[in-house]
Amino acid sequence: MVVLSTGIFCSCSYDKLPPKTKDASTKYLLPEGEVPSPEEREELQSIRKEYEESIKE
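Owing to the predicted nature of the structure, the values given are computational and were not obtained by experimental measurement. Starting from 1, residues in each chain are numbered consecutively following that chain's sequence as written. A pLDDT threshold of at least 70 governs which residues receive local features in this predicted model, and a stricter bar of 80 or more applies before side-chain atom pairs are shown or counted, although totals over entire chains, interfaces and linings include all residues. Side-chain figures throughout are based on the complete set of non-hydrogen atoms in the structure, without hydrogens or water.

**Here's the deal with the overall build of the protein chain**
- To qualify as a helix, a DSSP run of H or I must reach at least 4 residues; to qualify as a strand, a run of E must reach at least 2; elements of each kind are numbered from the N terminus. Looking only at helices and strands, the protein chain has two helices and zero strands in total.
- The cut-offs for exposure are 20% and 50% of the maximum accessible area for each residue type, with area from a 1.4 Å probe on protein chains only; residues under the lower value are buried, those over the upper are exposed, and the others partly exposed. Burial status across the protein chain gives 0% buried among its 57 residues.
- Looking at the protein chain as shown, the accessible area adds up to about 6,700 Å², and 59% of this sits on carbon and sulfur atoms. Methods summary: accessible areas were calculated by the Shrake-Rupley approach with a probe of 1.4 Å, and residue burial reflects only the protein chains presented.

This is the structure:
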């Protein structure tokens, strides 16, 4: 009896996606990027240089 009732409850259909609504957005807005400051650029360049030197070996 327990096996039969478990089979009935587990066989229900299950939709993984939520239902679509009329106000759903169809466009995706990309976030605006930020221009790094001169100090941040220097830091990134030093990190990149260190990385490139480490992979040459």
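**Thoughts on a negative patch on the surface**
- A cluster of like negative charges, contributed by Glu34, Glu39, Glu40, Glu42 and Glu43, occupies part of the molecular surface.
- By the element assignment, Glu34 lies in the loop between α1 (2-10) and α2 (38-56). The residues that make up patches have over 30% relative accessible area and no salt bridge, and they are joined within 9 Å when like-charged or within 5 Å when they are Val, Leu, Ile, Met, Phe, Trp or Tyr. Just to be clear on terms, a salt bridge is a Lys or Arg side-chain nitrogen sitting within 4 Å of an Asp or Glu carboxyl oxygen. When charges are counted, Lys and Arg contribute as positive and Asp and Glu as negative, whereas His and the chain ends are disregarded. Here the site of a charge means NZ on Lys, CZ on Arg, CG on Asp, or CD on Glu.

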